[in-house]
Amino acid sequence: MSCSIYYRHANLRISSLGLGCSRFGSYGGASKDVARSLIHSALDQGINHFDTAACYGQGDSERILGEYLPQSGDSFVVTKVGKVVPFKAILLSPVKRLVRAVSSFHPMAKAVVVARRPRLLSTCFNPSYLSSQLHSSLKRLRRDTVSLTMLHGPSLEVLMDGGAIDCLTRAQQKGNVQHIGVSVDDIDAANAALLDPRIEFIQIPFGSSDLDFRDWSIHATTAGKLIIAREIFRLRPDLSQAPPNAMTHVPENLRRCFDSPSICSTLIGTTNPLHLQESIDIWKSGTL
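Attention in this report is confined to the structure presented alongside it. Keep in mind it's a predicted model, so treat the numbers as computed, not measured.

All right, on to the pairing of strand 11 (residues 226-230) then. In terms of burial, strand 11 is a largely internal element, five of the five residues being buried. Judged by which residues are buried, strand 11 turns out to be covered on both faces: Leu226, Ile228 and Arg230 on one side and Ile227 and Ala229 on the other are all buried. In terms of strand pairing, strand 10 (residues 201-205) meets strand 11 through five bridges, oriented parallel. Looking across to strand 11, one finds that Ile202 is bridged to Ile227. Crossover connection from strand 10 via helix 10 (residues 211-222) to parallel strand 11: handedness right-handed. Inspection of the sheet shows strand 11 paired to strand 12 (residues 263-269) by three bridges, in the parallel sense. Along strand 12, the bridge assignment pairs Ile228 with Ser265.

Looking at the element boundaries, Ser61 is found in helix 2 (residues 60-68). We classify Ser61 as buried; its relative accessible area is 0%. Side-chain polar atoms of Ser61 contact the side chain of Thr52, separated by 2.8 Å. When near neighbours in sequence (up to four residues on either side) are disregarded, Ser61 contacts Cys21, Phe24, Thr52 and Tyr56.

Between its terminal C-alpha atoms helix 8 (residues 163-174) stretches 17 Å, which fits the 16 Å expected from 12 residues at 1.5 Å a residue. In the core, the buried residues of helix 8 are packed alongside strand 5 (76-81), helix 6 (127-141), strand 8 (146-152), helix 7 (156-161) and strand 9 (177-183). Where helix 8 terminates, the next one or two residues include Gly175, which has phi positive at roughly 95°.

On inspection of all chains with the given rule, the structure shows two aromatic pairs. Where Phe76 meets Phe201, the ring centres are 5.8 Å apart and the plane angle is 50°; that geometry is what we call tilted. On the criterion of sequence distance, the pair formed by Phe76 in strand 5 and Phe201 in strand 10 is long-range, its members being 125 residues apart. Across this residue pair, the class does not change: Phe76 and Phe201 are buried. With a centroid separation of 6.1 Å and an interplanar angle of 85°, the aromatic rings of Phe213 and Trp216 are classed as edge-to-face. Placement of both Phe213 and Trp216 in helix 10 is noted, with a separation of three residues, approximately one turn of the helix. The pair Phe213 / Trp216 is uniform in exposure class, with both members buried. Here Arg13 stacks its cationic end above the ring of Tyr6, 3.7 Å away from the centre of that ring.

Looking now at the sheet that holds strand 12. Taken in spatial order, the eight strands of this closed barrel run 3-4-5-8-9-10-11-12, and their pairing is parallel. Going across the sheet, the axis of each strand differs from the next one's by a mean of 30°, ignoring polarity. The pairing of strand 9 with strand 10 spans three bridges and is classified as parallel. Bridged to Gly181 within strand 10 is Phe201.

Turning to helix 2, a few remarks are in order. Residues of helix 2 that are buried: Ser61, Glu62, Ile64, Leu65, Gly66 and Tyr68. Where helix 2 is buried, its residues meet helix 1 (32-44), strand 4 (49-51), strand 5 and helix 6.

Close approach of charged atoms lets side chains of opposite charge pair. A full pass over the atoms with the stated rule returns 10 salt bridges. Between Asp51 and Lys80 there is a salt bridge, and its shortest N-O distance comes to 2.6 Å. Taken together, the residues Asp51 in strand 4 and Lys80 in strand 5 connect sequence positions 29 residues apart. You can call Lys80 buried: its relative accessible area is 1%.

In this structure, Arg142 is a non-glycine residue whose phi angle is positive, near 60°. Along the chain, the position of Arg142 falls in the loop between helix 6 and strand 8. The phi dihedral of Glu231 falls on the positive side, at around 50°, and the residue is not glycine. Mapped onto the secondary structure, Glu231 falls in the loop between strand 11 and helix 11 (250-259). Under the relative-accessibility criterion, Glu231 is labelled partly exposed at 28%.

Attention shifts here to the side chain of Thr169. Locating Thr169 in the fold gives a position in helix 8. Residue classification places Thr169 among the buried residues on the basis of a relative accessible area of 14%. Aside from chain neighbours lying at most four places away, what touches Thr169 is Ile180 and Arg198.

About the criteria used
Residues numbered from 1 in each chain as written. Predicted model: local features only at pLDDT ≥ 70, side-chain atom pairs only at ≥ 80, totals over all residues. Heavy atoms only, no water. Buried < 20%, exposed > 50% of the residue type's maximum accessible area, 1.4 Å probe, protein only. Helix = DSSP H or I, 4+ residues; strand = E, 2+ residues; numbered from the N terminus. Pairing = 2+ DSSP bridges. Right-handed = clockwise from strand over helix to strand, strands pointing away. Polar contact = N/O pair within 3.5 Å; in protein donor to acceptor, adjacent residues only side chain to side chain. Contact = heavy atoms within 4.5 Å. Expected span 1.5 Å × (residues − 1). Phe/Tyr/Trp six-rings, centres within 6.5 Å; stacked < 30°, edge-to-face > 60°. Lys NZ or Arg CZ within 6 Å of the ring centre and 35° of its normal. Axes fitted to C-alpha atoms, helices over the stretch in contact; angles between N-to-C directions. Salt bridge = Lys/Arg side-chain N within 4 Å of Asp/Glu carboxyl O.

Distances and angles like these do not, on their own, reveal function.
Structure, rendered in structure tokens:
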């Protein structure tokens with residue numbers, strides 16, 4: 001098997017392996033020091049695709065990228081808007097470092113943090129809310145424009161209404177957004193995204209159990225959409241996070257993504273430098 005290191009289209013250049021930053025700054029995720037090391041390792045070895053969201057780490061994921069990702073260069077930074085961080089989580093943000101330290105030494109405390117992580121966040125796709133969230137994201141990322149902004153988990157109804165995409169289109173016209181996309185959770189929303197010509201990128205789950213999305217992705221490519229794969233280590237639909245042995249499936253999961261002509265980039269969400277290096281080695285080897 002051989003794979004292209006970068007996907008190129010017109011003035012677009014995105015590494016076919018991306019670093020998912022959802023756990024940067026989170027309670028049970030990567031500290032600033034670990035995140036900085038992961039970012040630098042990724043950059044040093046050719047990764048230019050970094051994926052975050054306004055809600056990740058209550059905004060700290062974007063802050064960390066803003067601090068450690070150079071403003072110059074060709075970094076392809078993706079953020080997502082539309083999720084609502086609970087007020088309780090915002091209030092607890094100042095003690096996040098203490099919670100992380102306690103959970104690292106006490107198994108029961110860590111179990112509580114892990115158990116809370118998969119809880120679904122509510123969404124809000126009101127244009128004024130999206131505009132405010134995007135403004136805050138740009139400020140945290142220390143950028144005037146972001147490579148790709150996605151709606152985060154929109155429903156079929158939201159996409160058919162079109163108002164949320166209108167909001168991103170206005171931001172694009174102002175120069176704050178280069179490309180527009182959606183990160184979807186179900187096939188109905190994915191199909192709705194195919195119908196909107198303003199949507200360039202669609203991010204989909206691509207784990208071993210996501211057979212419907214694998215078949216769908218081929219159809220999406222013929223419709224001219226660029227597909228980003230996420231959650232490739234998820235083995236069952238009921239697992240919002242990868243199981244402990246997920247990294248043993250790295251070669252086969254990456255092979256599936258790299259073999260797929262419909263996937264332009266695959267996200268690796270990890271806080272372990274060794275796991276990131278293993279993925280990079282596979283990515284660069286070209287053969288598995």
